[in-house]
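Per-entry structural report
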Amino acid sequence: VLTIRPPQRDFVEHRDSHTEIRLNRVLLATNFRPSANAAAQVAAELVRRTNAEFHALYVISDYVGEMAQMFPEASGPALSRLREHVEGKMSVFASEAKSRVITHIAEGRPYEQIVRLATDADVDLIVIGTNVHASLFGGAPVLGPDIERVVRNAPCPVLCVPTGKVLTPAPVLVAEPVPQM
Amino acid sequence: VASVLTFDFYLLPFYLFMYPFRNILFPTDFTPHARAALKYAAAFAHEGGGRIVLFSVQSGSVPANLLTLPERVLEEPDQRWLQQLRVEVRNLLEDPMFDGLEVEPVIIEGEPAPEIARAVREFDIDLVTIVTHGRRGLARAVGFDRGGDYRGGDVSCADDPSAAARFRRTPRQPHGDTPEPRSPCN
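Treat the numbers as computed from the prediction; the structure is a model and nothing was measured.

A closer look at the overall build of chain A
Counting its regular elements, chain A contains five helices and nine strands. Its helices and strands in sequence order give chain A the pattern β-β-β-β-α-β-α-α-β-α-β-α-β-β, from N to C terminus. Evaluated residue by residue, chain A yields a buried proportion of 47% over its 181 residues. Long-range pairs, those at least 24 residues apart, make up 76% of the contacts in chain A with a sequence separation of at least 6. Approximately 9,400 Å² of chain A is accessible, and the part contributed by carbon and sulfur atoms is 51%.

Here we look at the environment of B:F55
Residue and element names in this part refer to chain B. Residue position: F55 is located in strand β3 (residues 51-58). The sequence separation of F55 and E104 amounts to 49 residues, and the corresponding C-alpha distance is 8.3 Å. If near-sequence neighbours (up to four positions away) are discounted, F55 is found in contact with L25, F26, P27, T28, V106, I108, E115, I116 and A119.

Quick word on the sheet that holds strand β8 (residues 158-162) of chain A
Ordered in space as β6(A)-β5(A)-β4(A)-β7(A)-β8(A)-β1(A)-β5(B)-β2(B)-β3(B)-β4(B), the ten strands form an open sheet in which the pairing is mixed. With partners counted over all chains shown, the strands left at the sheet margins are β6 (101-108) of chain A together with β4 (102-109) of chain B, one partner each. If you compare each strand with its neighbour and ignore which way they point, the axes differ by 25 degrees on average. Where strand β2 (residues 23-27) of chain B lies against strand β5 (residues 127-131) of chain B, two bridges are found, and the strand directions are parallel. Paired with B:I24 across the strands is B:L127, a residue of β5(B). Against the sheet, helix α1 (residues 34-50) of chain A engages β4 (25-29), β5 (53-61), β7 (125-130) and β8 of chain A, with an angle of about 155 degrees to β7(A). Strands β2, β3 and β4 of chain B of the sheet are contacted by helix α4 (residues 80-93) of chain B, whose axis makes an angle of about 160 degrees with β4(B).

So, empty space enclosed by the protein
Under the definition given, this model contains three cavities of 30 Å³ or more. Taken as a whole, the second largest cavity encloses approximately 50 Å³ of empty space. Around the second largest cavity, the lining comprises ten residues; the ones closest to its centre are A:V1, A:L159, A:V161, B:F21 and B:D126. For the lining of the second largest cavity, the leading source of residues is β8(A), giving four residues. Within the lining of the second largest cavity, the residues separate by chemical class into nine nonpolar, no polar and one charged.

Description of unusual backbone geometry
Residues and elements named next belong to chain A. Residues P6 and P7 are joined by a peptide bond in cis, for which omega reads 0 degrees. Within the secondary structure layout, P7 lies in the loop between β1 (2-4) and β2 (12-15). Of note, the phi angle at N51 is positive, near 60 degrees, even though the residue is not glycine. Considering the arrangement of structural elements, one finds N51 in the loop between α1 and β5. Assessed through its relative accessible area of 70%, N51 is described here as exposed. Despite not being glycine, D122 shows a phi value in the positive range, around 55 degrees. In this structure, D122 sits in the loop between α4 (110-120) and β7.

Notes on the environment of A:R15
Mapping A:R15 onto the fold places it in strand β2. Among the polar contacts made by the side chain of A:R15, one reaches the side chain of A:E13 at a distance of 3.5 Å.

Things to note about the confidence of the model for chain B
All names here are of chain B. Averaged over chain B, the pLDDT score is 69; the fraction of residues at 70 or greater is 62%. Every residue in residues 1-16 scores below 50 in pLDDT, and together they form 35 contacts with partners more than four places removed in sequence or on other chains. Segment residues 139-186: pLDDT under 50, and 150 contacts once partners within four positions in sequence are set aside and those in other chains are kept. Overall fold confidence for the complex sits at a pTM of 0.74, while the interface term, ipTM, reaches 0.76.

Description of the layout of surface pockets
Residue and element names in this part refer to chain A. Taken as a whole, the second largest pocket encloses approximately 450 Å³ of empty space. Listing elements by their share of the lining of the second largest pocket, those giving two or more residues are α1 and α3 (72-96). No other element matches the seven residues that α1 contributes to the lining of the second largest pocket. Of the residues in the lining of the second largest pocket, the class split is eight nonpolar, four polar and five charged.

Focus on the pattern of salt bridges
Residue and element names in this part refer to chain A. Within this structure, the stated rule accounts for 15 salt bridges over all chains. A salt bridge links R9 to D122, with the nearest nitrogen and oxygen atoms 3.1 Å apart. One end of the pair, R9, is in the loop between β1 and β2; the other, D122, is in the loop between α4 and β7, and 113 residues separate them in sequence. Here E53 and R25 are joined by a salt bridge, their closest N and O atoms 3.6 Å apart. Within this pair, whereas E53 is found in strand β5, its partner R25 is found in strand β4, the two being separated by 28 residues in sequence.

What counts and what doesn't
- Residues numbered from 1 in each chain as written.
- Chains lettered and ligands numbered in written order.
- Predicted model: local features only at pLDDT ≥ 70, side-chain atom pairs only at ≥ 80, totals over all residues.
- Heavy atoms only, no water.
- Helix = DSSP H or I, 4+ residues; strand = E, 2+ residues; numbered from the N terminus.
- Buried < 20%, exposed > 50% of the residue type's maximum accessible area, 1.4 Å probe, protein only.
- Contact = heavy atoms within 4.5 Å.
- Areas by Shrake-Rupley, 256 points an atom, 1.4 Å probe, with all protein chains shown as cover.
- Pairing = 2+ DSSP bridges.
- Axes fitted to C-alpha atoms, helices over the stretch in contact; angles between N-to-C directions.
- 1 Å grid on protein atoms, 1.4 Å probe; cavity = no way out; pocket = protein on both sides within 12 Å on 5 of 7 lines; lining within 4 Å.
- Points joined across faces, edges and corners; volume = space filled by probe spheres on them.
- Nonpolar A, V, L, I, M, F, W, Y, C, P; charged D, E, K, R; others polar.
- Polar contact = N/O pair within 3.5 Å; in protein donor to acceptor, adjacent residues only side chain to side chain.
- pLDDT = per-residue confidence, 0-100.
- Salt bridge = Lys/Arg side-chain N within 4 Å of Asp/Glu carboxyl O.

What follows is the structure, given as structure tokens:
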């Protein structure tokens, strides 16, 4: 789903009855979860076909930092390990990508950081994965608050890529109930 | 003793929506606001050699042959809105953005959200273009069911109360060769 909120940065050029995609920079906002895989593939393919600059961003949510302040003994080292883990994931992502990836790791509110980078780097398109399930919200169709904030505040169109069907990747063992005497 | 519950759903690789997009749904209520998405739909269709489904959901019964109905049928007072609708569709189809593209106009009666969701499935849609003011949540505009599939929404008018007011509820009527008289709006 491509969401457009005019006026904003535009990556389509129409001239002499010819319409073209002119993407200079694409920003993939990822959390490396399975729900982000589809977005990563679509972003990579877009970049490959348009020769755009490929930016990838992971945001370490601000609540992790708050936890580290509240429980410095336990959360401080955890935050450090999370940073290392994310850096490792980003390195692997960049090395496996078929095109050059400019990686970014930010800390704060995810939507703020995504919008900030998109603004600062003059990004033409944000690509983001979605997997918020309506079943969690009383059946109301939702994208998730962070993605909606990104769409509302983004300086450019946002391509929301829904994941495939994600549920349990493995069978679940459920014990039979004990017969009542 | 344990029983094994195997679910029908697994972590599926996401190749269904892969780029380039072949089938693009361009929902519109024919307002200038909704038209902002046209160039994106057209650009992606050109890029991928795809086609565009020009999709509009109306509250009244729309004959399937709206674009080819004789003018005299639409000159009845009750059918003036269909006449206006046909003009809007034709005007939109003449937009130069559509040049060289395969465009299928689909105008149906119903509620935008479920009808768009149905269209996504029936037309094997890869990309839906949405315009939003960004003033309200997108919950009504975009939805995904629990499997992650697009559920559709009140797209181009999602955040535009004036556009939403264009959709007036009328009793559902069967489609036929000649349009049924439109009921007064509620």
